[in-house]
Amino acid sequence: MLISRRHFLAAASATLLAGCTTRYTQPIPTPGMPYEPYQPSGPRIPEEYLRMYGPMPQERFPLPAVDLSKVNPIYYRQVVDYPSAEPTGTIIVDTPNRFLYLTMEGGRAMRYGVGIGRAGFAWGGTARIAYKREWPRWTPPAEMIARQPELEEYRNGMEPGLTNPLGARALYIFEGNRDTLYRIHGTAEFWTIGTAVSSGCVRLINQDIIDLYNRVPNGTRVVVIQGNAV
């Protein structure tokens, strides 16, 4: 069930205090170095997923393969049955169940696993993608810098790259002509998919946000639903 416009606007205001980030704490591969294909040590992962989440050396900042042993298989990108009253090409974010759907014809949808904002920064409503950016800059709000002085160096923006909190792509969500301050974006912290960790925004594995970015144009309708997980 969608919450009211008033709650949607209030939640958007909260992002001024929250921003769209958690700190990246794992080692980052050196750009330009060759990446070894991921070899799972546990149960065999189908080749289609190893290819889907494999390295992307052609990117401006080459992406390493995802360690899929650290991602619940339910959150791997896949086409699923998803009857919806929304028109084809709508993004639907299922906040409680940690999924993002892109509706398709015939009652189907492309489903992606996502990470969702911590309690207190949850949001819901309808909006649109005003514009998209490849390897975007990230600018922390002044309120965040006041709480975390170590972010002062990024007051005028953090350069894009593997450590940038917005990842490889970002979709900017507007309601009318007003920036809601929410983003659907990538993350190198693939182990956080399926959890509530980011500060108000919707994060996807970098390989997934690139796939979604290539599928949706500016103006795409976005629906964010809230409720109890099933």
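Summary of the structure given here. (Residues numbered from 1 in each chain as written. Predicted model: local features only at pLDDT ≥ 70, side-chain atom pairs only at ≥ 80, totals over all residues. Heavy atoms only, no water.)

## Considering the pairing of strand 4 (residues 108-113)
Within strand 4, five of the six residues are buried, which leaves it mostly tucked inside the rest of the structure. Direction of pairing for strand 1 (residues 78-81) relative to strand 4: antiparallel, over a ladder of four bridges. The residue of strand 4 that forms the bridge with Gln78 is Arg111. As paired strands, strand 3 (residues 99-103) and strand 4 are joined by five bridges and run antiparallel to one another. (Buried < 20%, exposed > 50% of the residue type's maximum accessible area, 1.4 Å probe, protein only. Helix = DSSP H or I, 4+ residues; strand = E, 2+ residues; numbered from the N terminus. Pairing = 2+ DSSP bridges.)

## A word on the sheet that holds strand 2 (residues 91-94)
By definition, the strands of a sheet pair up through backbone hydrogen bonds, in either a parallel or an antiparallel sense. Spatially, 1-4-3-2-11-6-7-8-10 is the arrangement adopted by the nine strands of the open sheet, whose pairing is mixed. Where the open sheet ends on each side, the last strands, each with one partner, are strand 1 and strand 10 (202-205). Direction aside, neighbouring strands of the sheet carry axes that sit 30 degrees apart on average. As paired elements, strand 2 and strand 3 share four bridges and run antiparallel to each other. Bridged to Ile92 within strand 3 is Tyr101. (Axes fitted to C-alpha atoms, helices over the stretch in contact; angles between N-to-C directions.)

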